[in-house]
Amino acid sequence: MTNKEIAKVFKLCSQLMELYNENPFRTKAMASASFRIDKLPFAASQSDLETLSEQPNIGKSTAEKIIQVITTGTFPDLEKLLAKTPEGILEMLKIKGLGPKKIQIIWNDLEIESVGELYYACNENRLIEAKGFGLKTQEDIKKAIEFSIANQGWFLYAKVMPSALEVIQHLEKTLPLAPISFTGDYRRKSEVLQHVQILIAAEPSQVHQAIKTLEYEFDINKENKRISFKDQNGIPFEVLTCGVDEYAKNLLISTGSEEHIKQLEEIAEIQNLDSENEIYRSLGLAYIEPELRESGNVIELAKENKLPELITYADLKGSLHNHSTYSDGVHSLKDMALYCKEDLGLEYLGICDHSKTAVYANGLSLERLEQQWIEIDELNKKLAPFKIFKGIESDILSDGSLDYPDEILAKFDFVVASIHSNLKMDQDKATDRIIKAIENPYTTILGHPTGRLLLSRAGYPLDFKKVIDACAANKVVIEINANPLRLDLDWRWHQYALEKGVLLSINPDAHRKEGFLDMEYGVYVGRKGGLTKEMCLNAFDLQKIETYFNNRKKI
C-alpha cells in the first residue's frame, strides 16, 4: 500500500468519528495522523513499528494501526464504526462538498441513506428544508452527484499505466512472434479512459491461451474477436485479435478517434499495407503520431507536411513549479535540488513554495522568504552549474491581485500565479479575475488555469480564448500542470495557445522527489496538444531560460 492509501483509511476513520460525534480531540488526532502519514518521507509499507513510532507526531499507537492497515487493510476502531454505518452513507462521504456534519443531517433528519435517495431529494427540492442547507448547497450537491455518476468506470491514464505495461510485457513474452501493440485511447495517451486496449496479430486460440496464463477471469466475444478481463487492480482490458496481413490497418483504425478515422475514410478507403506509415502515405498524408489522432486540423497539417515535431521527455532541461519543506512539501530544498541534478540529470530547478495567503499550506511569510533565498544562494554556489531559481506560487486573490506587494514580487526570478480559493465564481467573474492576475507585470506563469481535478472536480468556468489572448498580450506562460489529477491546461486548448505564440511549461507541481516523475504525463498531454520543444519553457537550456527570465523582468 502507498502512504496515500494508508492515509485514506485514517481519514475515513476520522470522518466516521465526526459523524458519530465521538470525542473531538480523538477525532482531530485521527485526522492529523492521516495528514502525517501522507507526508512521511519514506514508504510506510516498507518500514517497521519502531521506525514509524519515532516519526514526529506519529507515536506507538498510531504506528501500530499503520502496521494493521498494511497487513489487513483496516484496524479495530475503524471496523466498529464501519459495522454500524450503512453502505450508502459511506458512499456519501465520497461526494465533494459533503462532510460528516451535513451527512448527519441528511441521515438523521431527512432519513436518507443512499446517494440515489439523496439525488432524488435534490430533484424534489427537499434538501433546502434541512438546517444549514439552501438552494445553492442543494444544487452543488446535485452537480457533484451527477459528476460522480458520469465518471463511474473511468480511470486516470497514470493509474492504469503500470498495469498496462505489466500485461503487455507478459503477452509479448508469451507470444514472442506475434505483433502486439497498445491501441485505442491508451495508445493516444488520453488523460482518462475506460479500458486498456491491446491489438495482437495471432490466432484467437493462441491469444486465449496466453491470456489464460495471466490467471484472470475473462470473457470471449467470438463475433468481434475481442477478449475482455480485469487485472488484480480492477483495471479493465480489451484484447483485439486479427491476422498478420491486417495488423497495420487494424492498428490504425483502432487507434484513431471516431472523428479521425471518418476524416481518413473521406479521403479514400483505408487499405491493408505493411505499416501505418505506408497507409498514411497512400492517403497523401505524412505519418500522424498516435497522440494527434483526434479531431481538429491535423489532417490538413499532414496534407501540407506541416505536422509539429512533438516534444519528448528527453527534451526537458529543468523543472519549474515545485514545493519543498518551506511550505507543504515532503523533502527539503537541498534534497529536491540534488534529485533533479543527480537522479534526473536536469540543469535547473524552480522552487515555488506557497505564498503567505496559503496558510493551510504553511505559506511563506516575508521573513521565511528571506531564509529561503539565503539557502538558495548557498546551494547555487555548491551545485553550480546547476541552478535553483527563486520562484513563488502566489495566490490569486478574489479580486485578481497577487498576495505580495510589488517590491517583493520583483525580487523573484519568476512568479507562478494560481487560484486556490473561491472556486465557484461564474464564468465572467472567474475570467476577469484571472485576466487581472495575468496583467500583473510580475506574473510569469499562469498555474493550473482551471483548478480541475480529473474525475473528481470540474474546473471553474473560463472564457479560454480571452484568457489565452490575455497571456499572449502580456507574454505570460501557461502551465501544463503534470500532476495526473490535473493535466491542466487541457490539451484541447494547447493548439490555440501555440497559434497565439503563448509558451507552455510542463510543471510537475512536485511536493516530493517522486513528484518530478509526473512530468512524463505532462509530456504526453503536451504531445496531444501539438507541443514542440521550442514552445515549452522548461525545454529551454539553462542559459536560454536565464535570459528569458531576465528579459521578462525588464518588460
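Rules and cut-offs
- Residues numbered from 1 in each chain as written.
- Predicted model: local features only at pLDDT ≥ 70, side-chain atom pairs only at ≥ 80, totals over all residues.
- Heavy atoms only, no water.
- Helix = DSSP H or I, 4+ residues; strand = E, 2+ residues; numbered from the N terminus.
- Buried < 20%, exposed > 50% of the residue type's maximum accessible area, 1.4 Å probe, protein only.
- Polar contact = N/O pair within 3.5 Å; in protein donor to acceptor, adjacent residues only side chain to side chain.
- Contact = heavy atoms within 4.5 Å.
- Pairing = 2+ DSSP bridges.
- 1 Å grid on protein atoms, 1.4 Å probe; cavity = no way out; pocket = protein on both sides within 12 Å on 5 of 7 lines; lining within 4 Å.
- Points joined across faces, edges and corners; volume = space filled by probe spheres on them.
- Nonpolar A, V, L, I, M, F, W, Y, C, P; charged D, E, K, R; others polar.
- Core = buried A, V, L, I, M, F, W, Y, C linked by side-chain atoms within 4.5 Å.
- UniProt positions renumbered as here; feature names shortened; annotations may be inferred.

Mapped onto the secondary structure, F35 falls in helix α2 (residues 24-38). Classification of F35 as partly exposed rests on a relative accessible area of 46%. In the structure, F35 is positioned 24 residues away from K11 in sequence and 8.2 Å away in space, judged by C-alpha atoms.

With that settled, consider the side chain of N322. You can see N322 is positioned in the loop between β8 (318-319) and α17 (333-343). Polar side-chain contacts of N322 include one of 3.2 Å to the side chain of S319. A polar contact of 3.4 Å, which involves the side chain of N322, links it to the backbone oxygen of L320. Leave out the neighbours within four places in its chain, and N322 touches M336, L349, G350, I351, C352, D353, P508, D509, A510 and F516.

Turning our eyes to something else, we now look at the sheet that holds strand β11 (residues 414-418). One open sheet holds the seven strands; their spatial order is β8-β9-β10-β11-β12-β13-β14, and the pairing between them is parallel. Edge positions in the open sheet fall to β8 and β14 (504-507), since each of these has one partner strand only. Where strand β12 (residues 445-446) meets strand β13 (residues 477-481), two bridges bridge the pair, whose relative direction is parallel. Within the sheet, the bridge partner assigned to L446 lies in β13 and is I478.

Turning to unusual backbone geometry, a few remarks are in order. Between A384 and the following residue, P385, the backbone shows a cis peptide bond with an omega angle of 10°. Mapped onto the elements of the fold, P385 is located in the loop between α18 (366-383) and β10 (387-395). Unusually for a residue other than glycine, K189 sits at a positive phi of about 60°. Looking at where K189 falls in the secondary structure, it is placed in the loop between α11 (184-187) and β3 (192-193). Assessed through its relative accessible area of 19%, K189 is described here as buried. Here the phi dihedral of N305 falls at roughly 55°; this positive angle occurs in a residue that is not glycine. Tracing the chain through its elements places N305 in the loop between α16 (298-303) and β8. Judged by its relative accessible area of 62%, N305 falls in the exposed class.

The next subject is empty space enclosed by the protein. This structure, assessed with the given rule, holds two cavities of 30 Å³ or more. Space inside the largest cavity adds up to approximately 90 Å³. Lining the largest cavity we find 13 residues, and of these D413, Y442, T444, R552 and K553 sit closest to its centre. At the level of elements, β11 and α24 (542-554) are the ones that each hand at least two residues to the lining of the largest cavity. In terms of residue count, the dominant contributor to the lining of the largest cavity is α24 (three residues). Of the residues contributing to the lining of the largest cavity, the split by class is eight nonpolar, two polar and three charged.

With that out of the way, let us pick up the nonpolar core. The biggest cluster of nonpolar side chains holds 97 residues, and the ones touching the most others in it are L171, Y186, V196, I198, I200, F412 and I506. Per-element tally for this core: the top contributor is helix α10 (residues 157-174), with eight residues. Not counting residues up to four positions away in its chain, the partners in contact with L171 are I180, I198, I200, A210, I211 and L214. By size, the runner-up hydrophobic cluster in this structure holds 42 residues, among which are L81, L110, L118 and A130.

Turning our eyes to something else, we now look at the UniProt feature "domain: Polymerase/histidinol phosphatase N-terminal" (unreviewed entry) in the protein chain. In the UniProt entry, the feature "domain: Polymerase/histidinol phosphatase N-terminal" (unreviewed entry) is given for residues 318-398. Secondary structure content for residues 318-398 is 36% helix and 19% strand, while the C-alpha to C-alpha distance between its ends is 31 Å.

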